[in-house]
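Here is how the chains run, residue by residue.
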Amino acid sequence: MSIEQPEALRLAEDLETLRMNTATNDQAAAELRRLHTVNQALVEALHHISLASQNSMSSKDECGKIARAALTAATGEQHEQ
């Protein structure tokens, strides 16, 4: 059983291997890879928030911290507490 490559990464590879590879293609490929990484981090944060919200011992503050950290990673900006 093979694991399928995410579409964003497949498209990035395609852009880099085009015969007429250009700086624009390279930039687009890099952006697709960056967005894929950000998406993975956001999905992981949502997973943690979901688990924390189901746990009666976890607090709203803990979920907020996870969400703010994910937003900071995604945007590069600090988010209010």
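Higher on the page you've got the structure.
Residues numbered from 1 in each chain as written. Predicted model: local features only at pLDDT ≥ 70, side-chain atom pairs only at ≥ 80, totals over all residues. Heavy atoms only, no water.

1. Some thoughts on the overall build of the protein chain
Part 1 of the reasoning: Looking only at helices and strands, the protein chain has three helices and zero strands in total.
Part 2 of the reasoning: Computed over its C-alpha atoms, the radius of gyration of the protein chain comes to 17 Å, more than 25% above the 12 Å expected for a compact globule of 81 residues.
Part 3 of the reasoning: Structurally, the protein chain occupies a C-alpha span of about 55 × 40 × 10 Å along its principal axes.
Part 4 of the reasoning: Looking at the protein chain residue by residue over its 81 residues, the buried ones come to 16%.
Part 5 of the reasoning: Sequence-distant contacts in the protein chain: of pairs separated by 6 or more residues, those separated by 24 or more amount to 24%.
Part 6 of the reasoning: Split by element, the accessible area of the protein chain, about 6,600 Å² in all, is 56% carbon and sulfur. (Helix = DSSP H or I, 4+ residues; strand = E, 2+ residues; numbered from the N terminus. Rg over C-alpha atoms; globule rule 2.2 N^0.38 Å. Buried < 20%, exposed > 50% of the residue type's maximum accessible area, 1.4 Å probe, protein only. Contact = heavy atoms within 4.5 Å. Areas by Shrake-Rupley, 256 points an atom, 1.4 Å probe, with all protein chains shown as cover.)

2. Considering the pattern of salt bridges
Part 1 of the reasoning: Per the stated rule, a full pass over the model turns up four salt bridges.
Part 2 of the reasoning: Taking the shortest distance from any N to any O, the salt bridge between R33 and E16 comes out at 3.0 Å. Note that R33 is positioned in helix α2 (residues 23–54) and E16 in helix α1 (residues 7–17), a separation of 17 residues in sequence.
Part 3 of the reasoning: The salt bridge involving R34 is made with E31; its shortest N-O contact spans 2.9 Å. Of the two residues, R34 and E31 both sit in helix α2, three residues apart, roughly one turn of that helix.
Part 4 of the reasoning: Taking relative accessible area as the criterion, R34 reaches 40% and is therefore assigned partly exposed.
Part 5 of the reasoning: Each of E7, R10 and D14 takes part in salt bridges that share partners, so that together they form one network. (Salt bridge = Lys/Arg side-chain N within 4 Å of Asp/Glu carboxyl O.)

3. What to know about the side chain of N25
Part 1 of the reasoning: Its place among the elements puts N25 in helix α2.
Part 2 of the reasoning: The class of N25 is buried, set by a relative accessible area of 13%.
Part 3 of the reasoning: Excluding anything up to four places from it in sequence, N25 contacts L15, L18 and M20.

No statement about biological role is implied by the geometric values presented.
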